[in-house]
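# Structural features, examined
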Amino acid sequence: MKTIQTKMPEELYQKAMALVKEGWFKDEEDIFLEAIRRFLDSHRPALMEKFVLDDVEWGLHGDD
């Protein structure tokens with residue numbers, strides 16, 4: 001496991017903690033892991049396309 005540290009708007013944090021308090025998630029780590037997992041799953045095609053386009057751009061024009 002990797003540990004990350006981030007900043008987020010207070011309102012967003014409070015909404016997440018409300019879900020924990022209501023019992024939907026075990027703790028803040030649980031809710032943030034689920035959020036990242038869902039984001040990556042739902043954006044996979046867009047992310048892959050961006051990676052491919054970035055590689056093509058680099059291959060055509062380099063990084064200089």
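Heads up: these notes are all about the structure in this document. As the structure is a computational prediction, the values presented were derived from the model and not from experiment.

### Section: the pattern of salt bridges
Within the structure shown, the criterion is met by four salt bridges. In this structure, the salt-bridge partner of E11 is K15, at a minimum N-O distance of 3.5 Å. Here E11 and its partner K15 are both found in helix α1 (residues 10–21), four residues apart, which amounts to about one turn of the helix. Residue classification places K15 among the exposed positions, given a relative accessible area of 52%. Where R37 meets E34, a salt bridge forms, and the shortest distance between an N and an O atom there is 2.7 Å. Here R37 pairs with E34, and both are found in helix α2 (residues 28–42), just three residues apart, close to one helical turn. Its relative accessible area of 43% is what places R37 among the partly exposed residues. A residue is classified by how much of its surface remains accessible, and E34, at 22% relative accessible area, is partly exposed. Residues participating in the shared-partner salt-bridge network are E34, R37 and R38.

### Focus: a nonpolar patch on the surface
Residues I36, F39 and L40 make up a contiguous nonpolar surface patch of roughly 280 Å² in combined accessible area. Relative to the elements of secondary structure, F39 occurs in helix α2.

About the cut-offs
- Residues numbered from 1 in each chain as written.
- Predicted model: local features only at pLDDT ≥ 70, side-chain atom pairs only at ≥ 80, totals over all residues.
- Heavy atoms only, no water.
- Salt bridge = Lys/Arg side-chain N within 4 Å of Asp/Glu carboxyl O.
- Helix = DSSP H or I, 4+ residues; strand = E, 2+ residues; numbered from the N terminus.
- Buried < 20%, exposed > 50% of the residue type's maximum accessible area, 1.4 Å probe, protein only.
- Patch = residues over 30% accessible without salt bridge, like charges linked within 9 Å, V, L, I, M, F, W, Y side chains within 5 Å.
- Areas by Shrake-Rupley, 256 points an atom, 1.4 Å probe, with all protein chains shown as cover.

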